[in-house]
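Analysis of the macromolecular model
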Amino acid sequence: MDMDAANKDYVFKTIKQRNIHFIRLWFTDALGQMKSFAITPSELAVAFEEGMGFDGGCIDGFRRSDEADMLAFPDATTFQTLPWRPVDNGVARMFCNVVTPDGTPFDGDPRRILSRMLDRVQDMGFSTTVGPKMEFYYFKSPDAPEPIDRGSYFDLTTLDNATDLRRDTVLTLEQMGIPVEYSHHELGPGQQEIHLRADDALSMADAIMTYRLVVKEIAIKHGCHASFMPKPLADQPGSAMHIHQSLFNFDDDNIFYDADDPSGYGLSALAKSYIAGLIKYAPEFTLITNQYVNSYKRLQPGKGAPVFCGWTNRDRNALVRVPRYKPGKAESARIELRSPDPSCNPYLAFAVMLGAGLKGIEEGLELGPELSEGAIAMSVEELEAAGIKRLPRDLGEAVDAFRGSQLMREILGDHMHSYIVQAKQAEWAEYCSTVSAWELDRYLAVL
């Protein structure tokens, strides 16, 4: 029995043993919103062999002028039962790959876009692991951003009301085969962070989609609301998704590591070119890693979030940080991309991140000097004179940089690139024409 047949056989046996009556087929739209429909076990054999049809014209980013019909093929390796659903008449899920009726992989399927990038990683002789640190807030309700506690970073006191929520969330994730490194209260009141153990990029993107749903389901169970909004509170820290990443060769050697690195950070020449690629192309991919108007309320100077396209071991305002938790340990060599936020589409975010890093390797880019501690206080003119770029200041700037990027078009394909530009131009135009409460408070009575 081949591996694919063995995986499908496991699914059928588990459904029977655990009395599963519904299988949810999951995929995401272009912006990373979860989409799902359920089938019964009697339809599963057909789903595996022929796919399940749905109207792609109703999914954001799936609309095509020539064809709206799509087929979802479940990936048997992603089968998991949903622990928060009843044990009797249980519910399971599988992620799907989306294809057109003629069997061609759909070029607007985010999961397919990442898979294509991972094929490129493999063709270059590498494999990759990513490990995200995802932050979010617990609020008392979805109607107003009132935090559930007054705790702060690493608190373990009565100020931290989220201990039970984090515990239940971690247990549920591990029941679904998603290992967690650790969890803790973050800096803001009601703000949390859960670290997922590093895995290959496709499995991790699936895990992030599951993670976001589990966090929200457990929050509802406890009578509160979980939000992955990048900046829900004006006077508190925003929520990030810091992405640790490494490349390995086929012998499982971490090729980001070089014990003789003269900088003392243990980075190989290849790792430095990878970082240089991230820094060079960050303005172009920021629309993907930070895709909403609200995302840019977090990316502001002095707020602990990246602003400058530079690297360092210290300053949290840099785009890329080189962690040194375990100096001299080859397996731990990695870099941390700090700009993404947890509301992004993880499939596309990983694809553009990897694509930018690999482009740096292909172009043989040299890594510039480490960002100085005083860079945050420099003027725009001083930064430009030093050759340091800023990330886009708002969604409008991000759209402009992304629209003109040939690399982003190559990574995402014409269909997805064009859709993202169109959708985000519309969002920015709507935001710019909206009269805010701030404007009314400031101007209405005096003008």
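One can find the structure itself at the top, above this paragraph.
The structure contained in this document is the topic of the report that follows. (Residues numbered from 1 in each chain as written. Predicted model: local features only at pLDDT ≥ 70, side-chain atom pairs only at ≥ 80, totals over all residues. Heavy atoms only, no water.)

**Notes on the overall build of the protein chain**
Formally: In this description a helix means any DSSP run of H or I spanning at least four residues, a strand means any run of E spanning at least two, and both kinds are numbered starting from the N terminus. Accessibility here uses a 1.4 Å probe with only protein chains present; expressed as a share of the type maximum, an area under 20% marks a residue as buried, one over 50% as exposed, and anything in between as partly exposed. Any two residues whose heavy atoms approach within 4.5 Å are treated as being in contact. Working definition of accessibility: Shrake-Rupley area with a 1.4 Å probe, residue cover restricted to the visible protein chains. In this tally, Lys and Arg are treated as positive and Asp and Glu as negative; His is ignored, and so are the chain termini. We put the charge of a Lys on NZ, of an Arg on CZ, of an Asp on CG and of a Glu on CD.
When you go through the protein chain residue by residue, the secondary structure sums to twelve helices and 15 strands. Each principal axis of the C-alpha distribution contributes one length, and for the protein chain these read about 65 × 60 × 50 Å. For the protein chain, buried positions account for 52% of its 447 residues. Of the contacts formed within the protein chain by residues at least 6 apart in sequence, a portion of 69% connects residues at least 24 apart. Accessible surface computed for the protein chain: about 19,900 Å², of which carbon and sulfur atoms make up 51%. When the 45 basic and 64 acidic side-chain charges of the protein chain are each reduced to a single mean position, those positions are 4 Å apart.

**Let's talk about the pattern of salt bridges**
For the record, the criterion: We define a salt bridge as a side-chain nitrogen of Lys or Arg found within 4 Å of a carboxyl oxygen belonging to Asp or Glu.
Throughout the structure, instances matching the rule amount to 17 salt bridges. In the salt-bridge network here, residues are joined through shared partners; they are Asp4, Lys8 and Glu49.

**A look at the side chain of aspartate 341**
When you line up the elements, aspartate 341 lands in the loop between β15 (335-337) and α8 (346-362). Contact partners of aspartate 341, with chain neighbours within four places excluded, come to Pro230, Ser239, Ala240, Met241, Thr289, Asn290, Ser295 and Arg298.

**Examining a negative patch on the surface**
Test applied: Nonpolar side chains (Val, Leu, Ile, Met, Phe, Trp, Tyr) within 5 Å and like charges within 9 Å form the patches, drawn only from residues with over 30% relative accessible area and no salt bridge.
The grouping of Asp251, Asp252, Asp253 and Glu331 at the surface amounts to a negative patch. Mapping aspartate 252 onto the fold places it in the loop between β12 (241-248) and α6 (269-289).

**Details of the packing of helix α5 (residues 201-221) against α8**
Applied cut-off: To obtain each axis, a line is fitted to C-alpha atoms, and for helices this fit is confined to the stretch in contact; angles are then taken between N-to-C directions over 0 to 180 degrees. Each crossing is labelled by how the near helix is turned from the far one, with a counterclockwise turn of less than a right angle marking it left-handed and a clockwise turn marking it right-handed. Ten residues, namely Ala, Val, Leu, Ile, Met, Phe, Trp, Tyr, Cys and Pro, are considered nonpolar, four, namely Asp, Glu, Lys and Arg, are considered charged, and the remaining ones, Gly among them, are considered polar.
At their nearest, the axes of α5 and α8 sit 9 Å apart, and the two run at 145° to each other. Between α5 and α8 lies a crossing of right-handed hand. From α5, Ala201, Leu202, Met204, Ala205, Asp206, Ile208, Met209 and Arg212 reach across to α8, where they touch Pro346, Tyr347, Phe350 and Leu354. When its residues are assigned to classes, the contact of α5 with α8 shows ten nonpolar, no polar and two charged.

**Quick notes on unusual backbone geometry**
Its identity as a non-glycine residue notwithstanding, asparagine 89 has a phi of 55°, on the positive side. Judged by its relative accessible area of 41%, asparagine 89 is partly exposed. Backbone geometry places aspartate 252, a non-glycine residue, at a positive phi of 65°.

Limitation: the analysis is restricted to geometry and does not speak to function.
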